[in-house]
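Residues per chain are reported as follows:
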Amino acid sequence: MVSRANVWQLNSPLPISAHVEEHIEALLSLLEPRSDAISTLAQVHQAQVGINCAIYYEDFTPGIHLSQDITKRIAVLGLYVDLDLYFLGNSEEQA
């Protein structure tokens, strides 16, 4: 049996230093005009469609807050959200 996989990636247009909430909002603004295509993709190809975030911290671990507006917009699109947090440690501690 042949397993087929296809991954499409759409990156946030914001600088990497922007907060994760801002990146998610920027991605939603790009995805919302394409909501019909996202729905069709998920249904026809039985695809999982979502937002994946890898967040790297060095000196602190801030909280992540997703407003009601953001969570509603994510739900309307039928997306999952995956947040991976990586604490790299303080550069002074490694010296």
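Owing to the predicted nature of the structure, the values given are computational and were not obtained by experimental measurement.

Draft legend 1. Seen up close, the pairing of strand E1 (residues 50-57). What you see with E1 is a clean split: Ile51, Cys53, Ile55 and Tyr57 sit on the buried side and Gly50, Asn52, Ala54 and Tyr56 on the side with no burial. As defined by bridge partners, E1 adjoins strand E2 (residues 80-87) across eight bridges and the pair is classed as parallel. Residue pairing in the sheet places Tyr56 in a bridge with Tyr86 of E2.

Draft legend 2. Molecular detail of a nonpolar patch on the surface. A cluster of nonpolar side chains, contributed by Tyr56, Tyr86 and Leu88, occupies part of the molecular surface with about 320 Å² of accessible area. In this fold, Leu88 is placed in the loop between E2 and helix H4 (91-94).

Draft legend 3. View of the environment of Gln48. Note that Gln48 resides in the loop between helix H2 (35-44) and E1. Among the residues examined, Gln48 registers a relative accessible area of 72% and is labelled exposed. Between the C-alpha atoms of Gln48 and Val7, which are 41 residues apart in sequence, the distance is 10.0 Å.

Cut-offs applied
- Residues numbered from 1 in each chain as written.
- Predicted model: local features only at pLDDT ≥ 70, side-chain atom pairs only at ≥ 80, totals over all residues.
- Heavy atoms only, no water.
- Buried < 20%, exposed > 50% of the residue type's maximum accessible area, 1.4 Å probe, protein only.
- Helix = DSSP H or I, 4+ residues; strand = E, 2+ residues; numbered from the N terminus.
- Pairing = 2+ DSSP bridges.
- Patch = residues over 30% accessible without salt bridge, like charges linked within 9 Å, V, L, I, M, F, W, Y side chains within 5 Å.
- Areas by Shrake-Rupley, 256 points an atom, 1.4 Å probe, with all protein chains shown as cover.
- Salt bridge = Lys/Arg side-chain N within 4 Å of Asp/Glu carboxyl O.

By themselves, these are just geometric observations and shouldn't be taken as functional.
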